[in-house]
Amino acid sequence: MSKLLKIDKEYTEWISELSLRFRKSQIKAAVKVNSEMLHFYWSLGGDIVTKKAESKWGNGFYKGLSQDLQAIFPDVKGFSVRNLQYMKQMYTVFSREIAIAPHLVAQTVDSLKDEITPQDVAQFVKDTVCCIPWGHIRFILDKKYDSQKSFFFVQQTIEKGWSRALLLNFLDTDLYERQGKPITNFRNTLPAVESDLAQEITRDPYNFDFVGITSKYNEKELKDALIKNIEKFLMELGTGFAYMGREYRLVIGETEQFFDMLFYNVDVHSYVVIELLCCAQHNNSYVA
């Protein structure tokens, strides 16, 4: 922490504003990745339905499709048999909402239009469903509710910023029967920065899997876990160890280096540098 952050109010407020703007940008990026992935899932589910794939290609269709897609994309874990079935279910359930929703809307909240068209409603329903994490959608689909009730919980998740655990809790209540109502708000909004939903979208492994950075994500998780244990271990060796920080920046000559962990031992007056090497291919990790 710099001295400016402690003594200069204007600078402190600016740093606070920057951190909020950065966090919002992170959420926008994560929501965009999540949306693109779910729009693809929606289209794949739609293909299965419109092609009548199950009846055309038989009982082993899902297993064969799963194997063929995973052969093309070996690092992608989203093409399991169960996930493919969920994709079809998502398309089937929420397509029904698209079919009936125009009849439930009396007028639009968009001042630029006099009426909501079926195309507007179809796009709105699809985009809204694709706003929440895949794990949330699967929980909703598992309940096998009708399309209106299912879509209600999608909207509530976005509006309230529910985590997966909170959604699961409310799915078993009579919230829909008490509060359920037709669509009246045609605005898609980002989840609040501090909400549990925002946290889960930015950390959803399906999103990392979709953009092909699963190995980097897993490495970071492994390094975080290792650092916690190493920090505890060294501090328990006895007195004299001072923890300087993680990803510690040191300028040595004309080069800048970042060390995974840096300690200082006041008894022997020396630094202890720890570097972590994670080998995802062999599920190994090393401490140097």
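Residues numbered from 1 in each chain as written. Predicted model: local features only at pLDDT ≥ 70, side-chain atom pairs only at ≥ 80, totals over all residues. Heavy atoms only, no water.

> I'd love a proper account of the pattern of salt bridges, names of residues and values included.
Evaluated as defined, the whole model comprises six salt bridges. As a salt-bridge pair, Lys88 and Glu54 come within 2.6 Å of each other at their nearest N and O atoms. With a gap of 34 residues between them, Lys88 in helix 5 (residues 81-100) and Glu54 in helix 3 (residues 53-57) connect regions that are remote in the sequence. Overall, the relative accessible area of 33% leaves Glu54 in the partly exposed class. Taking the shortest distance from any N to any O, the salt bridge between Lys143 and Asp172 comes out at 2.6 Å. (Salt bridge = Lys/Arg side-chain N within 4 Å of Asp/Glu carboxyl O. Helix = DSSP H or I, 4+ residues; strand = E, 2+ residues; numbered from the N terminus. Buried < 20%, exposed > 50% of the residue type's maximum accessible area, 1.4 Å probe, protein only.)

> Got a sec to walk through the state of the cysteines? Specific residues and values, please.
Evaluated as defined, the whole model comprises zero disulfides. The closest cysteine sulfur to the non-disulfide-bonded Cys130 is located on Cys131, 7.7 Å from its own sulfur. Under the relative-accessibility criterion, Cys130 is labelled buried at 0%. Taking the relative accessible area as the measure of exposure, Cys131 reaches 15% and is therefore buried. (Disulfide = S-S within 2.5 Å.)

> Please give an account of the packing of aromatic side chains that cites residues and values.
Two descriptors summarise a pair of aromatic rings, namely the distance from one centre to the other and the angle between the planes of the rings. Taken as a whole and judged by the stated rule, the model has 15 aromatic pairs. Three or more aromatic residues joined by ring pairs make a cluster, and in this case those are Phe40, Tyr41, Phe73, Phe79, Tyr86 and Trp134. Across from the ring centre of Trp57, 5.2 Å away, lies the NZ or CZ of Lys56, which sits over that ring. Over the face of the ring belonging to Tyr86 we find Arg82, whose NZ or CZ atom lies 3.8 Å from the ring centre. (Phe/Tyr/Trp six-rings, centres within 6.5 Å; stacked < 30°, edge-to-face > 60°. Lys NZ or Arg CZ within 6 Å of the ring centre and 35° of its normal.)

> So what about the environment of Val266? Which residues, and what values?
The topology assignment puts Val266 in the loop between strand 2 (255-265) and strand 3 (270-274). Val266 gets classed as partly exposed once you look at its relative accessible area, which sits at 44%. Taking C-alpha positions, Val266 is 7.4 Å from Ala242, a pair spaced 24 residues apart along the chain.

> Can you lay out a nonpolar patch on the surface for me, pointing to particular residues and giving the numbers?
On the surface, a nonpolar cluster with roughly 280 Å² of combined accessible area is contributed by Met244, Tyr271 and Val273. For Tyr271, a relative accessible area of 53% gives the class exposed. (Patch = residues over 30% accessible without salt bridge, like charges linked within 9 Å, V, L, I, M, F, W, Y side chains within 5 Å. Areas by Shrake-Rupley, 256 points an atom, 1.4 Å probe, with all protein chains shown as cover.)

> Help me get a handle on the environment of Gln119, residues and values and all.
Mapped onto the elements, Gln119 comes out in helix 6 (residues 118-129). Given a relative accessible area of 59%, Gln119 falls into the exposed group. The spacing of Gln119 and Ile98 is 21 residues in sequence and 8.9 Å in space, taken between C-alpha atoms.

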